[in-house]
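Here are the chains, one letter per residue:
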Amino acid sequence: MKGEVVDMEGRPRRDPAPVSDFWFAQMDVRLGKIEFVVGRLEKQVWLIVCAAFALVGIEVVAALVGGN
């Protein structure tokens, strides 16, 4: 049968699924939240890096033009 629960030897299991399924579901939720926070942090870091490079570029152009 497809989706049948088996033990380590490959025999079908007769007892109910372990309670740890709830624990794994909670871990999935928490990992999803962590991934969201890391993604948001990554966007903020890229924004800071791009802004810094833009400021450096503006300073380089100003130095080349001679606008002191």
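Sequence positions are assigned chain by chain, starting from 1 and proceeding in written order. Local features in this predicted model are restricted to residues whose pLDDT is 70 or higher, and side-chain atom pairs enter the listing and the counts only when it is 80 or higher, whereas totals over whole chains, interfaces and linings include all residues. Water and hydrogen atoms play no part in the side-chain values, which are based on all heavy atoms of the structure.

### Regarding the overall build of the protein chain
Applicable threshold: Only DSSP runs of H or I covering at least 4 residues are called helices, and only runs of E covering at least 2 are called strands; the numbering of each starts at the N terminus. Note that accessible areas follow from Shrake-Rupley with a 1.4 Å probe, and for residues the cover is restricted to the protein chains shown.
On a plain count of helices and strands, the protein chain comes out with one helix and zero strands. Counting every atom, the protein chain has about 6700 Å² of accessible surface; 69% of that belongs to carbon and sulfur.

### Side note on a nonpolar patch on the surface
Let me state the cut-off plainly: Like charges within 9 Å and nonpolar side chains (Val, Leu, Ile, Met, Phe, Trp, Tyr) within 5 Å are joined into patches, using only residues over 30% in relative accessible area that form no salt bridge. Definition used for salt bridges: Asp or Glu carboxyl oxygen within 4 Å of a side-chain nitrogen of Lys or Arg.
Judged by side-chain polarity, Trp23, Phe24, Met27, Leu31, Ile34 and Val38 come together as a nonpolar surface patch covering roughly 590 Å² of accessible area. With respect to the helices and strands, the residue Trp23 is situated in helix H1 (residues 20-65).

### Some details on the pattern of salt bridges
By the definition in use, this model includes one salt bridge. Across the pair Arg11 and Glu9 runs a salt bridge whose closest N-O atoms are separated by 3.0 Å.

### A look at H1
Going by this rule: A helix is expected to span 1.5 Å for every residue after the first.
Relative to the 68 Å expected for 46 residues at 1.5 Å per residue, H1 spans 67 Å between its end C-alpha atoms, a close match to the ideal helical length. Residue Gly66 follows H1 closely and has a positive phi angle near 90 degrees.

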